[in-house]
Amino acid sequence: MSTALPKGLFISFEGIDGAGKSSHIEALAQAFRDQGRAVTLTREPGGTPLAEKLRALMLHDAMDPLTEALIAFAARRDHLVQVIEPALARGEVVISDRFTDATFAYQGAGRGFSWEQLSVLERMAQTGTALQAGPSPDFMREPDMTLWFDLPAEVAAERLATARVPDRFEAQPGEFFARVTQGYAERARTAPQRFVRIDAHASRHAVWQQITQAVVRKGWLAIMVGSKP
Ligand SMILES: Nc1ncnc2c1ncn2[C@@H]1O[C@H](COP(=O)(O)OP(=O)(O)O)[C@@H](O)[C@H]1O
Ligand SMILES: Cc1cn([C@H]2C[C@H](O)[C@@H](COP(=O)(O)OP(=O)(O)O)O2)c(=O)[nH]c1=O
């Protein structure tokens, strides 16, 4: 007798740099593991050897917004084909530190690259025969849930000031991150079923509670009494 695989789940974490994503991602992965799920924890840009090379270019080499967008989607395509789709097909929970909303927010709203053209690239990269898990050929892979860490740009900047050496994005001025936040807000407005806004201007524990409430509400985790990030 064969045992049915659980349905794969795809969850992305989004938000401006310093919003607090990395502080919670491993805890969410562990919460799923504790309840018997296999988890693939990954990130963008990156997640495969090729995409990690593209990440290094994107984070450290100067380039124009179109080049940046093409590199982001090239890395994403490889990540989807090599890692995300196979893991979902195995019934795993895939948790990615960023996905396509970051390209709309950073290259679109932040850098000013055309939102319409990004939508074309999104469709190209996230559909196709290599992505076999879809119900139809024009099925477009998107996260089942996106946890959007919403934090004022000036608070994120204060947090990052003492946290780490800035990369090419983290070195951008506050107005850039204000635009990126608007980009996330716009993506959230157009996909309200997928997006969960996390008030990231709260204590770590309060942020963790919002995250667990979101996944428990979906029925993806049982109630976790007294759990901590
Ligand atoms: N809720 C919070 N309150 C205060 N500081 C926080 C909170 N969450 C994270 N931080 C701190 O803010 C900085 C950025 O957090 P991080 O998780 O690396 O953000 P991101 O991954 O979104 O860039 C780190 O120094 C982290 O310790
Ligand atoms: C996925 C993605 C990330 N980015 C940016 C956002 C971040 O500033 C940077 C890397 O993200 P991140 O992994 O959050 O950086 P860190 O490891 O320093 O926490 O890449 C884009 O500009 N476009 C994209 O499509």
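Starting afresh in each chain, residues are numbered from 1 along the sequence in its written order. Written order determines the labels here, with chains lettered from A and ligands numbered from 1. Local features are withheld for residues below a pLDDT of 70 in this predicted model, meaning they are given only at 70 or higher, and side-chain atom pairs are given and counted only at 80 or more; totals for whole chains, interfaces and linings count all residues. Hydrogens and water molecules were not included; the side-chain quantities draw on all heavy atoms of the structure.

Some words on the environment of T162
Note the cut-off: Secondary structure counts use DSSP, requiring at least four H or I residues in a row for a helix and at least two E residues in a row for a strand, with both numbered from the N terminus.
Looking at where T162 falls in the secondary structure, it is placed in the loop between α6 (153-161) and α7 (174-190). Distance from T162 to W148, taken between C-alpha atoms, is 23 Å for residues 14 residues apart in sequence.

Brief notes about the UniProt feature "binding site: ATP" (unreviewed entry) in the chain
Just so we agree on the cut-off: UniProt positions are given in the numbering used here, feature names are shortened, and annotations may be inferred rather than shown by experiment. Between buried and exposed lies partly exposed: a residue is buried under 20% and exposed over 50% of the maximum accessible area for its type, with that area taken using a 1.4 Å probe on protein chains only. What makes two residues a contact is simply this: any of their non-hydrogen atoms within 4.5 Å. We define a polar contact as two N or O atoms separated by no more than 3.5 Å, with the added condition that, inside protein, one atom must be a possible hydrogen donor and the other a possible acceptor, whereas residues neighbouring each other in sequence contribute only through side-chain atom pairs.
The feature "binding site: ATP" (unreviewed entry), as given by UniProt, occupies G15, I16, D17, G18, A19, G20, K21 and S22 in the numbering adopted here. Looking at G18, the relative accessible area reads 12%, which means it is buried. Sequence-distant contacts of G18, that is, excluding residues within four places in its chain, are made with L151, A156, R159, L160 and R164. With respect to the helices and strands, the residue K21 is situated in the loop between β1 (9-15) and α1 (22-34). Its relative accessible area of 5% is what places K21 among the buried residues. Residues in contact with K21, not counting those within four places in the same chain, are F13, E14, G15, I16, D97, R98 and F149. Of note is the side chain of K21, whose polar atom sits 3.3 Å from the backbone oxygen of G15.

With respect to the pattern of salt bridges
A side chain of one charge can pair with a side chain of the opposite charge when the charged atoms of the two come close. Under the convention used in this document: The rule for a salt bridge is simple: a side-chain nitrogen of Lys or Arg has to be within 4 Å of a carboxyl oxygen of Asp or Glu.
Within the structure shown, the criterion is met by 14 salt bridges. Between R43 and E52 there is a salt bridge, and its shortest N-O distance comes to 2.7 Å. Classification of R43 as partly exposed rests on a relative accessible area of 34%. The exposure class assigned to E52 is partly exposed, which follows from its relative accessible area of 26%. Between E122 and R187 there is a salt bridge; the shortest N-O distance is 3.1 Å. Of the two residues, E122 is situated in helix α5 (residues 115-126) and R187 in helix α7; the sequence distance between them amounts to 65 residues. Using a relative accessible area of 6% as the deciding quantity, one classes E122 as buried. Overall, R187 belongs to the buried group, its relative accessible area being 9%. One network of salt bridges, with partners in common, ties together D101, E122, R187 and R194.

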